[in-house]
Amino acid sequence: MVSNLEEYLEEAEAEYEAEYEEELYIAGKPELKPSRNTGTCILLSVSYSGEAGRALLKLYDLEKRVMHFWYDDTGHRPYCLTDMSVEELKRSKVVSHPGFLGFERVKKFDVLRGREIEMTKIIASDPLAIGGKKGAIRDLLPRAWEADIKYHNCYIFDRQLVPGMLYKVEDGKLVRVDVELSGEEAQEVLKIFEGQEAAKELLKDWLPLFLAPVPDIRRAAIDIEVYSPDPDKLPNPREALYPIIAFALVDSDGRRLVFLLRRDSVETGQSDELSDNIEVRFFYDEYKMLEEIFKLLNEYPVVLTFNGDNFDLNYMLHRALKLGFSRDKIPISMTVGEHPAALLTAAVHVDLYKFFHNRSIQGYAFGSKYRDVTLDAIAEALLSIRKIQLMAPVSQLSYAQLAAYCLRDAEITMQFTKFDDNLVMKLIILFMRISKMSMEDVTRQGISNWIRNMLYFEHRKRNYLIPRKDEIIAVKGQAVTEAKIKGKKYMGAIVLKPPAGVYFDVAVLDFTSLYPSIVKTRNLSYEVINCDHPECRSNVIPSTPHWVCTKRQGLTSILIGMLRDIRALWFKPMSKKVKDQVKKSLYEVVEKSLKVILNASYGVMGSSNFSLYCPPVAESTTAIGRYIITKTIEKAESLGLRVLYGDTDSIFIHNPDESKIGELMKWAEEELKVDLDYDKRYRFVAFSGLKKNYVGVLVNGEVDIKGLVGKKRNTPPFLKEAFLNFVGILSKVDTPEDFEKSKVLLRDLAKKVYDKLRERRYSLDELAFTVMLSKHPSEYAVASQHVKAAKLLMAYKKNVDAGSIIRYVKVKGEPGVKPVQLARIDEVDVDKYVEHMRTTFEQVLTALGLDFDEILGVRSITSFFNR
DNA sequence: ACCTGTGGCGAAACAC
DNA sequence: GTGTTTCGCCAC
């Protein structure tokens, strides 16, 4: 129990008096020394030290639970490649560049053209001399291969290190600690790949990444609160005008600590608002408090924040500068750019806001459980806890309230990495191993960079010349199919139009990881598509002019194929089977992380930002996907199965005949080389007749709602709730007879909502549309409603920018909308809301063969005209 | 510095 | 008035 805040105050006072005359502000600079005698470490990060050719590795020592630093001084230097000759280069400006060190002739395999070539390596003293913004060596060359200048991540010049893996220091060298491939488990996995020699070879490198244990890393989560004179405005970190009034730290060992800045006329508050075992310390001097904070930041190998890049660490850095700290006494530095990252000198900073913002993480690792990327929303979705809800602005809280509030945020941040047996930390480590990226990078960058780094690593391992983007396009060409949607680059998947109505007993079959399977079995890879062997030209991709090489398997095909197989054939089934809890948990994490990578592996090929962008590969993938689903539907129908619906890789079958389904699966496996699996079975499905739009009740009573407006985030809460009740009634339906009974209930419900709406008994909050601004209001081509509302809000000098969520209601008169904050209940345009109610309910009613107006027994003027 | 893809629906604004 | 475009959100 925090015995008494008053006591802590007195303590601080005594301390303050004692130190008053003393020399203040002792240096807080972290000591970074290369360590030679460490135990088993996990490699967390690689960065450049600034000295010529020296890279700094951050290693966390598992036994001593400390962080070590390792200077990589193997003599390797950063370089880039060119096909120019040494003589040519000697006459160029390159030799007079201050960072230039020398030339070396090297042989590389030109993977695009399938032959070995000789190139010149230009060696430099500093990666920035090659790839830096201005006047870099690369810019002096007409043709430079830039990929090999990367110094960050795992690849230090010529050495291949894998972040997230365990290393030992022996005789001044880093030696990887690996799981033995001769072990029983590894042997069993390798057996699965019997006959697939390329994949088996690859697996020898990859299997240790999946089987190596994931250590628990000591870490701290921090949060700060800043005084603000205007409660609506978050203080600007670059200006750092106001004092940091609270700091909280929660570490992985359970330590909980709060620093509070002593201010005039602040109430102490009730100590019992704080829970047990908390260290509280008051400071009279903000400078002193920052010094203590900086000391703490140097004590942990990993520091977690939520939005620390933008706010917490950024603010601390600028506040410290403002208070007179010299740069070398602040263990924080910001990278340059529009979205800067805050890096710590002696630790790895993980900004969980960035990690949770990653769409792949959101969708595939957490199944879209959270939608808004805010501390509160994610905490509620993943941990079932909330922030402390404040009644007053932070600046007006008592010490006890402030401490509790700040501490809760730090606690939530720590819990994000601890729940489900450290799931998030484990995922991060796995992603580091797969992408070969440092912890800082992997948590900040998107999936396309992960896949790029993964593939680059494999290229370097094989001494392949990594092609430039423009070379790939020049050799392999652009997309040729036409997209259904204007503005898209190529044709995508097939979606069937379902018949409107209710269908009992529906089986859903789907192809397991369809696109990765296609990439594997059809040998899709940028370097082997449209190859120059005349004899391969007949190996065409259906409905495209592209063909695929028959002589050589492409790198991405092997790699993606191997990852697909090992997930589908080992980690997924085994994660359900294994009894050992530690192993099970690792398997689940591996399975999840592979899913994330596999799901994105096709998309990046069609992304012009991706460095191995290859439109022919992307459109061939979808073309084969269309071919496969079309053929399967034809086969199903020829077997007498009734196909109701299908989307991309799924097929809905009415009144399925088990033996025929078995036959269909066998056929797909043999003829199309894809796994067709039983996904789920619906007691009934109600189709509205629209694509991507239906409700289904599974045999276990669970309800699936797909695409219906009642479910969408921008739908006002009163409709969402009504819709949920609506679906709740439906889910109780067991037989066709039950429908008749439920219709009465549905009618009552609709009527109730309608009356409540007409009588204006819903609150503004319940009526609010919630829409995100995808860009700044000034950048829109069209002034849609949420933009209009945002502009009104801006007039009241609220913080409004890209990413802000705007809540507005529809009102009578111009401009038709108002932000909830500024609206009154009597201005609401009820007719507009009735129309929304109509579309929401009609999607379900159509399926049931019911009519909205009939159910209500009323006809508004607008609905009359719509008939 | 940041960035996986296409297909589809509904609402409203814009263009004619 | 009508047809087209823009935007947000969702399915896969």
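Computed from a predicted structure; not experimentally measured.

Colleague: So what exactly am I meant to see when it comes to the overall build of chain A here?
Modeller: The helix and strand inventory of chain A stands at 26 helices and 29 strands. A globule of 867 residues ought to have a C-alpha radius of gyration of about 29 Å, and chain A, at 31 Å, matches this closely. The buried share among the 867 residues of chain A stands at 54%. Summed over all atoms, the accessible surface of chain A reaches about 38400 Å², with 49% contributed by carbon and sulfur. For chain A, the centre of its 124 positive side-chain charges and the centre of its 124 negative side-chain charges are spaced 6 Å apart.

Colleague: Help me understand helix α23 (residues 785-795), please; the structure alone is not making it clear to me.
Modeller: For an α-helix, the turn length of 3.6 residues means that residues three or four places apart are oriented alike. Every buried residue belonging to α23 is among His786, Val787, Ala789, Ala790 and Leu793, and all of these are buried. Taken around the axis of α23, the buried residues stretch over an arc of 160°, which confines them to a single face. Where α23 is buried, its residues contact β27 (769-772), β28 (805-810) and β29 (817-819).

Colleague: I keep staring at the sheet that holds strand β12 (residues 219-226) and nothing clicks. Help me out?
Modeller: The strands making up a sheet are joined through hydrogen bonds of the backbone, oriented either antiparallel or parallel. Pairing is mixed in the open sheet, where six strands are placed in the order β15-β14-β13-β12-β16-β19. Looking along the sheet, the strands with just one partner apiece sit at the ends: β15 (279-283) and β19 (348-351). Adjacent strand axes in the sheet meet at a mean angle of 20°, parallel and antiparallel pairs treated alike. With four bridges connecting them, strand β16 (residues 302-305) and β19 associate as parallel partners. For Thr305, the partnering residue across the bridge sits in β19 and is Asp351. The strands touched by helix α6 (residues 286-297) within the sheet are β12, β13 (244-251), β14 (256-261), β15 and β16, with β14 carrying the most contacts at an inclination of about 160°.

Colleague: Sorry, what's going on with unusual backbone geometry here?
Modeller: Trans is the prevailing form of peptide bonds, just as negative phi is the prevailing case for residues other than glycine. Positive phi, normally seen in glycine, also occurs at Ser384, with a value near 55°. At Lys436, a position not held by glycine, the phi torsion is positive, near 60°. Position of Lys436 among the secondary structure elements: in the loop between α11 (399-435) and α12 (439-444). Overall, Lys436 belongs to the buried group, its relative accessible area being 2%.

Colleague: Looking at this structure, I do not really get the side chain of Glu591. What am I missing?
Modeller: Inspection of the secondary structure puts Glu591 in helix α17 (residues 581-605). Residues contacting Glu591, with those up to four places away along its chain left out, are Arg567, Phe571 and Lys572.

Colleague: What exactly am I supposed to notice about the protein's contact with DNA strand C here?
Modeller: Contacts to DNA strand C come from 22 residues, most closely from Arg371, Asp649, Lys711, Ser774 and Tyr780. In DNA strand C, the atoms that sit within 4 Å of the protein are 90% sugar and phosphate, with bases accounting for the remainder. Separating a phosphate oxygen of DNA strand C from a side-chain N or O atom of Lys486 is a distance of 3.1 Å. Between DNA strand C and Ala781 there is a distance of 3.3 Å, counted from a phosphate oxygen to a backbone nitrogen or oxygen. Going through the elements one at a time, β26 (703-706) and β27 are the ones with two or more residues in the surface near DNA strand C. The residue makeup of the surface near DNA strand C, split by class, is seven nonpolar, five polar and 10 charged.

Colleague: Sorry if this is basic, but what is going on with the side chain of Asn693 here?
Modeller: Note that Asn693 resides in the loop between β24 (676-687) and β25 (694-698). For Asn693, a relative accessible area of 6% translates into the label buried. Among the polar contacts made by the side chain of Asn693, one reaches the side chain of Ser688 at a distance of 3.0 Å. At a separation of 3.5 Å, a polar atom in the side chain of Asn693 contacts the main-chain carbonyl oxygen of Gly707. Among residues more than four places away in sequence, those in contact with Asn693 are Phe687, Ser688, Lys706, Gly707, Leu708 and Gln843.

Colleague: Is there a simple way to think about the protein's contact with DNA strand B in this case?
Modeller: Taken together, 43 residues lie near DNA strand B, and Gly492, Lys691, Lys788, Lys810 and Thr839 sit nearest. Each atom of DNA strand B within 4 Å of the protein was classed as base or backbone; sugar and phosphate made up 75%. Note that a phosphate oxygen of DNA strand B is positioned 3.2 Å from one of the backbone N or O atoms of Ile485. Here Ser607 contributes a side-chain N or O atom positioned 3.2 Å from a sugar or linking oxygen of DNA strand B. At the level of secondary structure, the elements contributing two or more residues to the surface near DNA strand B comprise α9 (359-365), α13 (447-461), α17, α23 and α24 (830-848). In terms of residue count, α24 provides more of the surface near DNA strand B than any other element does, four residues in total. When the residues that make up the surface near DNA strand B are grouped by side-chain class, the tally is 14 nonpolar, 16 polar and 13 charged.

Colleague: What's the story with the packing of aromatic side chains in this structure? I'm lost.
Modeller: The description of an aromatic ring pair uses the distance of the two centres, along with the angle that the planes make with each other. Within the structure shown, the criterion is met by 37 aromatic pairs. Both rings, one in Phe100 and one in Phe103, keep their centres 4.9 Å apart while their planes meet at 55°; by these two values the pair is tilted. Given the relative accessible area of 21%, Phe103 is considered partly exposed. With a centroid separation of 5.7 Å and an interplanar angle of 35°, the aromatic rings of Phe769 and Tyr833 are classed as tilted. Residue Phe769 is found in strand β27, and its partner Tyr833 is found in helix α24; the two are separated by 64 residues along the sequence.

Colleague: Before we go on, may I ask you to explain the nonpolar core in this structure?
Modeller: Within soluble globular proteins, side chains that are nonpolar tend to cluster in buried spots. In this structure, Phe356, Phe366, Met439 and Ile566 are the most contacted members of the largest nonpolar core, which totals 202 residues. With 23 residues, α11 is the single largest residue contributor to this core. If we ignore the near neighbours within four places in the chain, the residues touching Phe366 are Phe356, Ile361, Leu382, Phe419, Leu423, Val424 and Leu427. Counting 54 residues, the second largest nonpolar core, distinct from the first, contains Val697, Leu749, Phe769 and Tyr780.

Colleague: I'm lost on the environment of Ile806 in this one. Help?
Modeller: Secondary-structure assignment places Ile806 in strand β28. Taking the C-alpha atoms as reference points, Ile806 and Pro819, separated by 13 residues in sequence, lie 7.2 Å from one another. Not counting chain neighbours up to four residues away, the residues in contact with Ile806 comprise Phe769, Thr770, Val771, Leu773, His786, Ala789, Ala790, Leu793 and Val800.

Colleague: Would you take a moment to explain the pairing of strand β4 (residues 79-82) for this structure?
Modeller: A regular strand places its side chains so that they alternate between the two faces of the sheet. On β4, burial covers both faces: Tyr79 and Leu81 on one face and Cys80 and Thr82 on the other are all buried. As judged from the four bridges shared by β4 and strand β6 (residues 115-124), these two strands associate in the antiparallel manner. By the bridge assignment for β6, Leu81 is matched with Lys121. Of the strand pairs in this sheet, β4 and strand β7 (residues 144-145) are connected by two bridges, and their pairing is antiparallel. Bridge assignment links Thr82 to a residue of β7, and that residue is Ala144.

Colleague: Help me out: how do you make sense of the sheet that holds strand β2 (residues 55-61) in this one?
Modeller: Ordered in space as β3-β2-β1-β10-β11, the five strands form an open sheet in which the pairing is antiparallel. Every interior strand has two partners, whereas the edge strands, β3 (66-72) and β11 (173-176), have only one. In this sheet, adjacent strand axes meet at a mean angle of 45° when their direction is disregarded. Pairing of strand β1 (residues 41-48) with β2, which is carried by seven bridges, proceeds in the antiparallel orientation. Looking across to β2, one finds that Val46 is bridged to Leu57.

Colleague: What is the right way to look at the confidence of the model for chain A in this model?
Modeller: Note that predicted coordinates carrying low pLDDT should not be read in detail. Averaged over every residue, the pLDDT of chain A is 88; residues scoring 70 or more account for 92%. Between residues 859-867, whose pLDDT stays under 50, and residues either more than four places distant or in other chains, the model counts 13 contacts.

Colleague: Looking at this structure, how should I read helix α10 (residues 375-383)?
Modeller: Buried residues of α10: Leu375, Asp376, Ile378, Ala379, Leu382 and Leu383, and no others. Down the axis of α10, the smallest arc covering the buried residues is 170°, so these residues share one side. On its buried face, α10 sits against α8 (352-357) and α11.

Colleague: Would you explain the pattern of salt bridges in this entry?
Modeller: Opposite charge on two side chains permits them to pair, given that their charged atoms come into close proximity. Considering all chains together, one arrives at 49 salt bridges under this definition. Its salt-bridge partner being Arg281, residue Glu292 comes within 3.5 Å of it at the nearest N-O pair. Here Arg281 lies in strand β15 and Glu292 lies in helix α6, a separation of 11 residues in the sequence. The shortest N-O distance in the salt bridge between Asp734 and Arg683 comes to 3.3 Å. Here Asp734 is found in the loop between α20 (717-731) and α21 (736-758), whereas its partner Arg683 is found in strand β24, with 51 residues between them in sequence. The partly exposed category is assigned to Asp734, whose relative accessible area is 44%.

Each value, and the rule that gives it
Residues numbered from 1 in each chain as written. Chains lettered and ligands numbered in written order. Predicted model: local features only at pLDDT ≥ 70, side-chain atom pairs only at ≥ 80, totals over all residues. Heavy atoms only, no water. Helix = DSSP H or I, 4+ residues; strand = E, 2+ residues; numbered from the N terminus. Rg over C-alpha atoms; globule rule 2.2 N^0.38 Å. Buried < 20%, exposed > 50% of the residue type's maximum accessible area, 1.4 Å probe, protein only. Areas by Shrake-Rupley, 256 points an atom, 1.4 Å probe, with all protein chains shown as cover. Lys, Arg positive; Asp, Glu negative; His and termini not counted. Charge placed at Lys NZ, Arg CZ, Asp CG, Glu CD. Arc of directions from axis to C-beta. Contact = heavy atoms within 4.5 Å. Pairing = 2+ DSSP bridges. Axes fitted to C-alpha atoms, helices over the stretch in contact; angles between N-to-C directions. Near = heavy atom within 4 Å. Polar contact = N/O pair within 3.5 Å; in protein donor to acceptor, adjacent residues only side chain to side chain. Nonpolar A, V, L, I, M, F, W, Y, C, P; charged D, E, K, R; others polar. Phe/Tyr/Trp six-rings, centres within 6.5 Å; stacked < 30°, edge-to-face > 60°. Core = buried A, V, L, I, M, F, W, Y, C linked by side-chain atoms within 4.5 Å. pLDDT = per-residue confidence, 0-100. Salt bridge = Lys/Arg side-chain N within 4 Å of Asp/Glu carboxyl O.

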